[in-house]
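Structural overview
Listed here are the chains, written in short residue letters.
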Amino acid sequence: MPVDCRLHPATPLPADDVVDRLRRLATSLVSDVFGRWAGAPGLLPVAGLAPGRVVAGAALTVRTRPGDNLVVHKALDIARPGEVLVVAASGATDRAILGGLMGRYASARGLAALVVDGAVRDRSELGRSAPPVFAAGVSHLGPYKDGPGDLRCDVSLAGIAVQDGDLVVGDEDGVAVIPRARLQDVLVAAEAKREAEASETAAIAAGTWDRGWVEAGLRIHEVPRA
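Basis of the calculations
Residues numbered from 1 in each chain as written. Predicted model: local features only at pLDDT ≥ 70, side-chain atom pairs only at ≥ 80, totals over all residues. Heavy atoms only, no water. UniProt positions renumbered as here; feature names shortened; annotations may be inferred. 1 Å grid on protein atoms, 1.4 Å probe; cavity = no way out; pocket = protein on both sides within 12 Å on 5 of 7 lines; lining within 4 Å. Helix = DSSP H or I, 4+ residues; strand = E, 2+ residues; numbered from the N terminus. Buried < 20%, exposed > 50% of the residue type's maximum accessible area, 1.4 Å probe, protein only. Contact = heavy atoms within 4.5 Å. Salt bridge = Lys/Arg side-chain N within 4 Å of Asp/Glu carboxyl O. Polar contact = N/O pair within 3.5 Å; in protein donor to acceptor, adjacent residues only side chain to side chain. Lys, Arg positive; Asp, Glu negative; His and termini not counted.

**What about the UniProt feature "binding site: substrate" (unreviewed entry) in the protein?**
UniProt feature "binding site: substrate" (unreviewed entry): in the numbering of this structure it lies at Gly99, Gly100, Leu101, Met102 and Arg121. A maximum C-alpha distance of 10.4 Å among these annotated residues, which run over 23 residues, shows that they cluster at one spot. Considering only the residues just annotated, the largest pocket is lined by Gly99, Gly100, Leu101, Met102 and Arg121. Within the fold, glycine 100 resides in helix α4 (residues 100-108). Relative accessible area serves as the criterion here: at 3%, glycine 100 is assigned to the buried category. Apart from residues lying up to four places away in sequence, glycine 100 is in contact with Arg121, Asp122, Glu125, Leu126 and Ser129. On the secondary structure map, leucine 101 appears in helix α4. Under the relative-accessibility criterion, leucine 101 is labelled exposed at 75%.

**Brief notes about unusual backbone geometry**
Going from glycine 147 to proline 148, the amide bond is cis rather than trans, its omega being 0°. Structurally, the position occupied by proline 148 is in the loop between β7 (133-138) and β8 (149-151). Unlike most non-glycine residues, serine 90 shows phi in positive territory, near 65°. Tracing the chain through its elements places serine 90 in the loop between β4 (84-88) and β5 (96-98). Even without glycine at this site, alanine 158 takes up a positive phi of about 50°.

**Focus on the pattern of salt bridges**
Per the counting criterion, the structure on display carries 15 salt bridges. Residue aspartate 32 pairs with arginine 36 through a salt bridge whose shortest N-O separation is 3.6 Å. In this structure, lysine 193 engages glutamate 197 in a salt bridge whose closest nitrogen and oxygen atoms are separated by 3.5 Å. With a gap of four residues between them, lysine 193 and glutamate 197 both fall in helix α6 (residues 183-206), about one helical turn apart. Glutamate 197 gets classed as partly exposed once you look at its relative accessible area, which sits at 33%. In this structure, a network of salt bridges that share partners links the residues Asp32, Arg36, Lys193 and Glu197.

**Some points on the UniProt feature "binding site: Mg(2+)" (unreviewed entry) in the protein**
Taken from the UniProt record, the annotation "binding site: Mg(2+)" (unreviewed entry) applies to Asp122. Relative to the helices and strands, aspartate 122 is located in the loop between β6 (113-120) and α5 (123-129). Those residues in contact with aspartate 122 that sit more than four places away from it in its chain are Gly99 and Gly100. Side-chain polar atoms of aspartate 122 contact the backbone nitrogen of glycine 100, separated by 2.9 Å.

**Some thoughts on the side chain of aspartate 117**
Its location among the elements puts aspartate 117 in strand β6. Buried aspartate 117, no salt bridge; nearest opposite-charge side chain is arginine 63, N-O distance 12 Å. A polar side-chain atom of aspartate 117 sits 2.9 Å from the main-chain amide nitrogen of alanine 158. Leave out the neighbours within four places in its chain, and aspartate 117 touches Leu43, Val87, Ala88, Ala89, Ser90, Gly91, Ala92, Ala136, Ser156, Leu157 and Ala158.

Okay, structure coming up:
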């Protein structure tokens, strides 16, 4: 018997230049300028992400019951090129939500990345043929295909609230999420912090890095030698 699946309206995609700017950032920069809470803890790259690469795009959100991927298949059918599939599967890692075949199909659909708050499988195949994959774990056990689920809805991704169309940034450190309404503020602040860190890097190389703030923040009590 078919099960119900609520499909909410799609959000307009961000401009290409905005996505390009996000790809030149890092998740740590986004997190630092956004209260240090924008990250989805425990979701790490498991396949397809080259060292130093940053992926970014608008979230295509999916809510499914743990270990079931029926609505995830439907999400791939409606995905637009450049979107990041964001699957809220309650963090359960006993059964894989997707594997090699779905990863290959996601690549054919033009998805920028796959983010699963759950498990995946077929890591080698995902690495060869899928967009970069972030997940909470890996399991060879396959999924159920019974539903139910919702598409383009509000979800909780590893404890972070995500709406369809929010911006997702992923790199070697994990995944950060920028609410669509805060995009410009966070983007400008993260770019400014990137430039500030570049200046600090130059100062380290020159031996002129100001460490005064460390001393100012500590009251040192030297312990006498016994």
